[in-house]
Amino acid sequence: MGCCHHYFAPAEGGDNAFTIDASTLTFGAGCLREAGEQARGLGMKRVGIYTDAGVKKLPPLGTVTGSLKAAGIDYAIYDEVRVEPTDASFTAAARFAADGKFDGFLSLGGGSVMDTCKAANLYSTYPADFLTYVNAPIGGGQPISGPLKPHIACPTTAGTGSEATGIAIFDLLAMKAKTGIQSRHLKPTTGLIDPEVTATLPSTIVASTGFDAMSHALETLTDISYARRARQPRGSARPPSQGANPFSDMVAFESLGLIGKYLVRAVNDPADTEARAEMMYAATLAGIAFGNAGCHLPHGMSYAVSGLVREYRAPHYPQHEPFVPHGMSVVLNAPSVYRFTASACPDRHLDAAQRLGADVRGATPADAGEVLAGQIIRFMQATRFPGGLGSIGFTERDLDALVEGAWPQQRVIKNAPREVSRDDLRELFRGALAYW
Ligand SMILES: [Fe+2]
């Protein structure tokens, strides 16, 4: 890409440095069978396994428990993880961790499972009032005082990248707000990324999680530059969401190229094991990328979308209440966002579109937002995805509520490459209602 150097030029009051936080991860078909030796290598003797009711019925759980048994490691299984975790579900999971006297953890599932395991590890290792570690201003934003117990994360979807990040997201029930806990200490000690686990995933889940990964990579590339983010008084206070930097660029670009090539194939053909394996790798890379840079508007806006949905239920997701899968609530905002942010860094938008397979010959900086938006929309159409927030039940009358729901997400909104007013946010939601 030809744009990164001036993008990172020093700026008045901006940060002078960025931090690379790399993960130890194992990737490959069948690697879940290494769970036992990994656990033993980390000194675990009694493991708390976190999963959910859906994943519990699938073969990977037997693979993991068999491997632990063969390594002579004791374990207990917690299978009550909620698909959208809450403070209450985190607290219940932490109680199981405290009661179980574990010396290590293993999570097997999607983002909700891995995030719940992170929180259970935290609150059982350093017990505290629940809001203590929750992101300010909703919570106390206190730093975690030291390392947690070892945690082996085993994703079963190609999406969240939670295995590579120190973030745990949940709904705070009393405030009806989506927020999170963020610390390098929350990052799993290691991850086992075994693409065999996605063989039985329904296409709607492959699509939603795949678009989540695409959005992680796109938001990473179009974040504000780390050099323009306000410098903290101490380097140790530099947040993991530090803005775009040369390392996150490199990882996000590699991820986007794979997603451009394999997302549609992985969604539309469950038998395409090559595409599903490549998506698994791409999603982990995207997790590493945004774990080193942060997300911005599509994620900040998504929390309002998922919180305000009235009737929509997605196939193959829980049906007992209205529910928008995370990746869907994110990517439905994305084309509208990039039409808005492109003027801040058009080269980055064009480079991203090209990585996703768009023909950018002859495109000018003024076309950048439209070119990238158009390419995302083509992917949505090719996977028979909803065509905007209107397709999942939102109308013009919801715009005020959506703005009110998203506005408190300043931590992520401030990572956008442009300043965003409430009126801007309203127009972004309006622009996301219908793409075709
Ligand atoms: Fe996400």
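Residues numbered from 1 in each chain as written. Predicted model: local features only at pLDDT ≥ 70, side-chain atom pairs only at ≥ 80, totals over all residues.

### A look at the overall build of the protein
Helix and strand counts for the protein come out as 17 helices and eight strands. Here the protein has a C-alpha radius of gyration of 20 Å; the compact-globule value for 436 residues is 22 Å, and the two agree. With respect to the principal axes defined by its C-alpha atoms, the protein has extents near 60 × 50 × 40 Å. Taking all 436 residues of the protein together, 54% fall into the buried category. For the protein, the proportion of contacts with a sequence separation of at least 24, taken over those separated by at least 6, is 80%. (Helix = DSSP H or I, 4+ residues; strand = E, 2+ residues; numbered from the N terminus. Rg over C-alpha atoms; globule rule 2.2 N^0.38 Å. Buried ≥ 20, exposed ≤ 12 C-beta atoms within 10 Å, placed from the backbone. Contact = placed C-beta atoms within 7 Å.)

### Concerning the nonpolar core
The biggest cluster of nonpolar side chains holds 130 residues, and the ones touching the most others in it are Val47, Leu106 and Ala217. In terms of domain composition, this core takes at least three residues from each of domain 1 (4–20 + 202–431) and domain 2 (30–193). Beyond its immediate chain neighbours, meaning those up to four positions away, Val47 contacts Ala39, Leu68, Ile73, Tyr75, Phe102, Gly104, Phe105 and Leu106. (Core = buried A, V, L, I, M, F, W, Y, C linked by C-beta atoms within 7 Å. Domains from an automatic or database assignment.)

### Points about helix H14 (residues 368–382)
With 15 residues, H14 extends 21 Å from end C-alpha to end C-alpha; this agrees with the ideal 21 Å at 1.5 Å per step. Regarding H14, the residues found buried are Ala368, Gly369, Val371, Leu372, Ala373, Gln375, Ile376, Phe379 and Met380. Contacts from the buried residues of H14 go to helix H8 (246–268), helix H11 (326–331), helix H12 (334–341) and helix H13 (346–355). Arg384 sits one or two positions beyond H14 and adopts a positive phi of about 55 degrees. (Expected span 1.5 Å × (residues − 1).)

### Describing the domain arrangement of the protein
Splitting the protein by domain gives domain 1 (4–20 + 202–431) and domain 2 (30–193). With centres defined by C-alpha atoms, the gap from domain 1 to domain 2 works out at 25 Å. The interface of domain 1 with domain 2 comprises 26 residues on the first partner and 20 residues on the second. Among the secondary structure elements, those contributing two or more residues to the side of domain 1 that touches domain 2 are helix H7 (203–222), helix H9 (273–291), helix H10 (297–308) and H11. A total of 10 residues in the side of domain 1 that touches domain 2 trace back to one element, the largest contributor, which is H9.

### Some details on the packing of H12 against H14
Remark: H12 packs on H14, axes separated minimally by 8 Å, with the N-to-C direction vectors making an angle of 170 degrees. Here H12 is positioned roughly antiparallel relative to H14, judged by the angle of their axes. Of H14, the residues touching H12 (which contributes Ala334, Pro335, Tyr338 and Arg339) are Gly369, Glu370, Leu372, Ala373, Ile376 and Ile377. For the contact of H12 with H14, the per-class residue count stands at seven nonpolar, one polar and two charged. (Axes fitted to C-alpha atoms, helices over the stretch in contact; angles between N-to-C directions. Parallel < 35°, antiparallel > 145°, perpendicular 65-115°, else oblique. Nonpolar A, V, L, I, M, F, W, Y, C, P; charged D, E, K, R; others polar.)

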